[in-house]
Amino acid sequence: MNWFISALTSGVGRKVIMALTGLFLILFLIVHLLGNLQLLKDDGGQAFNVYSHFMAHNGLIQLISKLNFFFILLHAFVSYTLYVRNKKARPVGYKVNGAAANSSWSSRSMTLLGTLIFIFLLVHLQGFWYAFKFGSGIPTVTIDGVEMHDAYKWVAEAYANPLISGFYVFSMIVLAFHLWHGFSSAFQSLGLNHVKYTGFIKALGYAYAIIVPGLFAIIPIVLYLKR
Amino acid sequence: MNLKLNIWRQKDSNDKGGFKTYQVSDVSPDMSFLEMIDVLNEDLVKKGEEPVHFDHDCREGICGTCSMVINGRPHGPKQGITTCQLHMRSFSDGDEITIEPWRARAFPVIKDLIVDRSAFDRIIQAGGFVSVNTGGAPDANSIPIAKEVANEAMDAAQCIGCGACVAACKNASAMLFTSAKISQLALLPQGKLERQRRVEKMIWQMEAEGFGACTNTGACEAECPKEISLVHIARAHREYIAAKACSKNV
Ligand code: HEM
Ligand code: FES
């Protein structure tokens, strides 16, 4: 077991944890997005409500959701330990810093971007997860004889507030920058860098970083305009 | 050319140090950067002041000794060259140039622009070699190596151990340096025998020296005077993962 712990706690091992948890979150976001896009359907929220009800009452989905929480916390915790280690590695900084000439802003700002995402997640989970699970006062609807939360109405009311929808759009821009570097970086951390496919991974990463947060951001914008 | 230089001056490793400003005049654009500092130093010696201490040896870009951060860039603004190969024609008359030592916990300043890079030696000592009993020189081509493999190993072997990768990295990570040796030896048949032990020991030593972790920013690759690629860091990660999973070192 000793070798296993020492492997995972080494700097390289921590990078592997960052990459694996990051890639899991990337896959999770696709599923999450496909669900959310139903908010844009012009059916008074029926499809979204049925979907939300299903997600909240399916054992497998609930298990994956627990795992997801764990991975987010692990990703954030490990990134914090690396941040501390990396800060210690340079106690005296440069007077003139030429970093802009040799690396991208997003690659140098992963900790800032990740922290903003973390704050977003706290707000997001408080409003849309905690409230549904433990809160009261959520409106209900009956669809096909099943009484369920009117999740659509709750979300639409939240997005009608420009502060909330604005915060969501801003956070998706932050996520886009995090993934602009993070997507291909995860493959590099796993040791996957080769002329045969690295160009493709980079292109896919840039596309993902624009399209996925972009589609997420469209939802609050549309619901705000429809309010 | 006339230039204004802000240079880091530090008496010894215990001194706090600070920047001092100097004027140098009549610098020829054909001088190398180090020759420009030589001119300044002659001036300082004449005035009875302590000259600026800096590391240098071959002055032809092969030893990796010359080490300074010039306007925030290790080895200055040009790609693929060391400080000794940088010429003053890359600057303009009246420029202000800030010169700092490599900055990393694992590279403590000894004096002025000179840092102690023996951490790199200890990383190599941990496993950056092939154990063979020296005897007579073996026959050439007795071990066949495919041309593409030899090329890639040679690309990694170009590392001159200057430390610009550490100086450029926002985390002061030595991953490019360490991985270049891991990758070079893992590619060659002679190095394959000890590859698992090598990667485990070298990475362990690198972290023990207090270098930071890699964030894949690519700053090292961009500033490396030998343009060593991130591909070698990826190979070192593969070697590490494979060694941790399969080596006998429990
Ligand atoms: C919970 C808040 C988050 C924090 C604090 C955070 C922090 C970080 C940091 C600091 C890194 C750089 C690590 C390194 O290169 O050593 C990183 C990498 C990464 N993050 Fe996040 N992140 C967060 C959320 C997310 C989310 C939601 C996703 C996915 C959608 C994500 C995906 C990634 C990926 C793919 C990487 C690259 C991994 C690698 O370089 O090996 N992160 N994250
Ligand atoms: S002095 Fe040898 S590389 Fe510059």
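Residues numbered from 1 in each chain as written. Chains lettered and ligands numbered in written order. Predicted model: local features only at pLDDT ≥ 70, side-chain atom pairs only at ≥ 80, totals over all residues. Heavy atoms only, no water.

1. What to know about the packing of helix 3 (residues 147–157) of chain B against helix 5 (residues 175–187) of chain B
All names here are of chain B.
Thought 1: At a minimum axis separation of 8 Å, helix 3 and helix 5 run at an interaxial angle of 155°. Here helix 5 runs roughly antiparallel to helix 3, going by the angle between their axes. Where helix 3 crosses over helix 5, the two elements pack in a sense that is left-handed. In this structure, helix 3 contributes Val149, Glu152, Ala153, Ala156 and Ala157 to the contact, and helix 5 contributes Ala180, Gln184 and Leu187. (Axes fitted to C-alpha atoms, helices over the stretch in contact; angles between N-to-C directions. Helix = DSSP H or I, 4+ residues; strand = E, 2+ residues; numbered from the N terminus. Parallel < 35°, antiparallel > 145°, perpendicular 65-115°, else oblique. Left-handed = near helix turned anticlockwise from the far one by under 90°. Contact = heavy atoms within 4.5 Å.)

2. Looking at the pairing of strand 1 (residues 140–143) of chain A
Residues and elements named next belong to chain A.
Thought 1: Sheet topology places strand 1 next to strand 2 (residues 146–149); four bridges connect them, and they run antiparallel. Along strand 2, the bridge assignment pairs Ile143 with Val146.
Thought 2: Two successive antiparallel strands, strand 1 and strand 2, enclose a turn made up of two residues, where Asp144 displays a positive phi of approximately 50°. (Pairing = 2+ DSSP bridges.)

3. A short note on the site of ligand 1
Thought 1: The local shell around ligand 1 holds 28 residues, among which Lys15, His75, His178, Ser185 and Ser189 of chain A are the closest.
Thought 2: This site is not confined to one chain, since residues near ligand 1 come from chains A and B.
Thought 3: Residue Lys15 of chain A places a side-chain N or O atom 2.3 Å away from an oxygen atom belonging to ligand 1.
Thought 4: Contact between ligand 1 and His75 of chain A: a nitrogen atom at 2.8 Å from a side-chain N or O atom of the residue.
Thought 5: Secondary structure elements with two or more residues in the shell around ligand 1: helix 2 (11–36), helix 4 (59–88), helix 6 (110–134) and helix 8 (162–189) of chain A.
Thought 6: Classifying every residue of the shell around ligand 1 gives 15 nonpolar, twelve polar and one charged. (Near = heavy atom within 4 Å. Polar contact = N/O pair within 3.5 Å; in protein donor to acceptor, adjacent residues only side chain to side chain. Nonpolar A, V, L, I, M, F, W, Y, C, P; charged D, E, K, R; others polar.)

4. Focus on the coordination of the iron atom of ligand 1
Residues and elements named next belong to chain A.
Thought 1: Coordination of the iron atom of ligand 1 by the protein involves His75 (NE2) and His178 (NE2), with metal-donor separations of 2.0 to 2.1 Å.
Thought 2: Coordination at the iron atom of ligand 1 is octahedral: its six donor atoms span angles of 86 to 180° at the metal. Of this pair, His75 sits in helix 4 while His178 sits in helix 8; the two residues are 103 residues apart in sequence, bridging distant segments of the chain. (Donors = N, O, S within 2.8 Å, 3.2 Å for Na, K, Ca; no water. Tetrahedral: all angles 85-135°; square planar, octahedral: opposite > 155°, others 65-115°.)

5. Regarding the domain arrangement of chain B
All names here are of chain B.
Thought 1: Here chain B is partitioned into domain 1 (3–111) and domain 2 (117–249).
Thought 2: Here the C-alpha centre of domain 2 lies 29 Å away from the C-alpha centre of domain 1.
Thought 3: Across the contact, 22 residues belong to domain 1 and 21 residues belong to domain 2.
Thought 4: Counting the surface domain 1 buries against domain 2, the share from its top three residues, Pro74, Ala106 and Phe107, is 33%. (Domains from an automatic or database assignment. Buried area = accessible area lost by both parts, 1.4 Å probe.)

6. Brief notes about helix 9 (residues 198–226) of chain A
The periodicity of an α-helix, 3.6 residues per turn, causes residues three or four positions apart to be oriented the same way.
Residues and elements named next belong to chain A.
Thought 1: Given a rise of 1.5 Å per residue, 29 residues ought to cover 42 Å, and the 42 Å separating the end C-alpha atoms of helix 9 matches this to within 8%.
Thought 2: All of the buried residues in helix 9 are Thr198, Ile201, Gly205, Tyr208, Ala209, Val212, Pro213, Phe216, Ala217, Ile219, Pro220 and Leu223.
Thought 3: Structurally, helix 9 contributes buried residues whose contacts are with helix 2, helix 7 (151–159) and helix 8. (Expected span 1.5 Å × (residues − 1). Buried < 20%, exposed > 50% of the residue type's maximum accessible area, 1.4 Å probe, protein only.)

7. Some words on the interface of chain B and chain A
Thought 1: Counting residues at the interface gives 47 residues for chain B and 36 residues for chain A.
Thought 2: A buried area of about 3,300 Å², summed over both sides, lies between chain B and chain A, and 56% of it is on carbon and sulfur atoms.
Thought 3: Looking at the side of chain B facing chain A, the largest losses of area belong to Arg103, Asn216 and His237 of chain B, adding up to 17% of the total buried there.
Thought 4: Between the two partners, chain B and chain A, sit one salt bridge.
Thought 5: The interface formed by chain B and chain A includes 23 residue pairs in polar contact (both at pLDDT 80 or more).
Thought 6: Sorting the residues of the side of chain B that touches chain A by element identifies strand 5 (96–100), helix 4 (164–168), helix 7 (195–208), helix 8 (219–223) and helix 9 (231–246) of chain B as the ones contributing at least two each.
Thought 7: It is helix 9 of chain B that provides the largest number of residues to the side of chain B that touches chain A, a total of nine residues.
Thought 8: Classifying every residue of the side of chain B that touches chain A gives 25 nonpolar, 13 polar and nine charged. (Salt bridge = Lys/Arg side-chain N within 4 Å of Asp/Glu carboxyl O.)

8. Some details on the packing of aromatic side chains
Thought 1: Counted according to the given criterion, the structure contains 24 aromatic pairs over all chains.
Thought 2: An angle of 75° between the planes, with centres 5.2 Å apart, marks the rings of Phe107 of chain B and Phe120 of chain B as edge-to-face. Residue Phe107 of chain B is found in the loop between strand 5 and strand 6 (109–111), and its partner Phe120 of chain B is found in helix 2 (residues 118–127); the two are separated by 13 residues along the sequence. In this structure, Phe107 of chain B and Phe120 of chain B share a single accessibility class: buried.
Thought 3: Each member of the aromatic cluster is reached from another via a ring pair, and the members are Phe120, Phe128, Tyr159, Phe167 and Tyr168 of chain A.
Thought 4: Here the guanidinium or amino end of Arg227 of chain A rests over the ring plane of Tyr224 of chain A, the centre of that ring lying 4.1 Å away.
Thought 5: We note Arg103 of chain B situated over the ring of Trp8 of chain B; from NZ or CZ to the ring centre the distance is 4.2 Å. (Phe/Tyr/Trp six-rings, centres within 6.5 Å; stacked < 30°, edge-to-face > 60°. Lys NZ or Arg CZ within 6 Å of the ring centre and 35° of its normal.)

9. Topic: the environment of Gly137 of chain A
Residue and element names in this part refer to chain A.
Thought 1: Note that Gly137 resides in the loop between helix 6 and strand 1.
Thought 2: When its relative accessible area of 65% is taken as the criterion, Gly137 is described as exposed.
Thought 3: Sequence separation between Gly137 and His149 is twelve residues, and the spatial gap between their C-alpha atoms is 9.9 Å.

10. Here we look at unusual backbone geometry
All names here are of chain A.
Thought 1: Its identity as a non-glycine residue notwithstanding, Asp144 has a phi of 50°, on the positive side.
Thought 2: Relative to the assigned elements, Asp144 resides in the loop between strand 1 and strand 2.
Thought 3: According to the relative accessible area criterion, Asp144 is exposed, its value standing at 72%.

11. A few points about the sheet that holds strand 3 (residues 69–70) of chain B
All names here are of chain B.
Thought 1: Taken in spatial order, the five strands of this open sheet run 2-1-5-3-4, and their pairing is mixed. With one partner strand each, in any of the chains shown, strand 2 (18–24) and strand 4 (73–74) form the two edges of the open sheet.
Thought 2: As defined by bridge partners, strand 3 adjoins strand 5 across two bridges and the pair is classed as antiparallel. Its bridge partner being in strand 5, Ile70 is matched across the sheet by Ile99.
Thought 3: Along the sheet, helix 1 (residues 33–46) makes contact with strand 1 (3–9), strand 2, strand 3 and strand 5, crossing strand 1 at roughly 80°.

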